[in-house]
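# Examination of the molecular architecture
Here is how the chains run, residue by residue.
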Amino acid sequence: MTGANELGELMLDPDEAQRKMERWAAGLEEKAQRYAAAQERTEQLRLTASNSDGAVKITVGADGGVTDIEFGNKARTYPLEELSRQILQTMHQAQAGIAGQVAEVMQESLGDEDQETRALMIGTLRSRFPEIEEEEPPAPLPAPPASAADAPPPPQAPREKRHEAPEDEENSPW
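These notes cover the structure that comes with them. As the structure is a prediction and not an experimental result, all values here were calculated from the model. (Residues numbered from 1 in each chain as written. Predicted model: local features only at pLDDT ≥ 70, side-chain atom pairs only at ≥ 80, totals over all residues. Heavy atoms only, no water.)

### Topic: the pattern of salt bridges
Counted according to the given criterion, the structure contains 6 salt bridges. Note that Glu 30 and Arg 34 form a salt bridge whose closest N and O atoms lie 2.9 Å from each other. Residue Glu 30 and its partner Arg 34 are located together in helix H2 (residues 14-43), separated by 4 residues, close to a single helical turn. The class for Glu 30 is partly exposed, based on a relative accessible area of 47%. Note that Arg 85 is salt-bridged to Glu 82, the shortest N-O span being 3.1 Å. Note that Arg 85 and Glu 82 are positioned in helix H3 (residues 80-95) at a spacing of 3 residues, about one turn of the helix. One salt-bridge network, in which partners are shared between bridges, spans Glu 16, Arg 19 and Arg 23. (Salt bridge = Lys/Arg side-chain N within 4 Å of Asp/Glu carboxyl O. Helix = DSSP H or I, 4+ residues; strand = E, 2+ residues; numbered from the N terminus. Buried < 20%, exposed > 50% of the residue type's maximum accessible area, 1.4 Å probe, protein only.)

Here it is as structure tokens:
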């Protein structure tokens, strides 16, 4: 802004005061345009992640909302609980890149301007969509059930002993 002496000088030269106000307003307009461009580019961001075998592919926007889900043929072999886990894990993987992408757009659009606001915004995004920590790979899927032809025969019930009349001990070979 202006100091006390500058204000007095501007009062003496109204034309100079008008020019400074116009430069200030033009600067604000330019800044607003840069912020609007950054917002537009951010709204167009799409981040996509796939699970390790390509069964699940998820795309999210900069707000973290899912914009697309695709399933590969391998998804049909997953038990439902595992498919649900893979969907959530893949969604979180895609969302983990949001803060970095938004920070990149802001740096390109705004340069070093307004670092405090940017740090606060990126910090909020990082807390909502944290980086994914490496996990142990998921356990292998159980083998599909064997066909009836390949399955071993079911166990048979024990046979009942037949009760016969005792034979004469003399006729017994034992």
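### Notes on the environment of Thr 42
The residue Thr 42 is located in helix H2 in this model. Considering only alpha carbons, one finds Thr 42 and Gly 61, 19 residues apart in sequence, at a separation of 8.6 Å. What Thr 42 contacts, discounting residues up to four positions off in sequence, is Ala 62, Val 102 and Val 105. (Contact = heavy atoms within 4.5 Å.)

### Regarding the nonpolar core
Core analysis: the largest hydrophobic core is formed by 22 residues, its most contacted members being Val 60, Ile 98, Val 102, Ile 122 and Leu 125. Residue assignment for this core shows that the elements contributing at least two residues are strand E1 (46-50), strand E2 (56-61), H3, helix H4 (98-110) and helix H5 (115-128). A per-element tally of this core places H4 first, with 6 residues. Those residues in contact with Val 102 that sit more than four places away from it in its chain are Thr 42, Leu 45, Ala 62, Met 121, Ile 122 and Leu 125. (Core = buried A, V, L, I, M, F, W, Y, C linked by side-chain atoms within 4.5 Å.)

### Section: the sheet that holds E1
In spatial order, the strands read E1-E2-E3; together these 3 strands make up an open sheet with antiparallel pairing. Either end of the sheet is taken by a strand with one partner, and the two such strands are E1 and strand E3 (66-71). On average, each strand axis in the sheet is tilted by 15 degrees relative to the strand beside it, whichever way the strands run. Note that E2 and E3 share 5 bridges and pair antiparallel. Looking at E3, one finds that Ile 58 is bridged to Ile 69. Where H3 meets the sheet, its contacts fall on E1, E2 and E3, and the angle it forms with E2 comes to roughly 40 degrees. (Pairing = 2+ DSSP bridges. Axes fitted to C-alpha atoms, helices over the stretch in contact; angles between N-to-C directions.)

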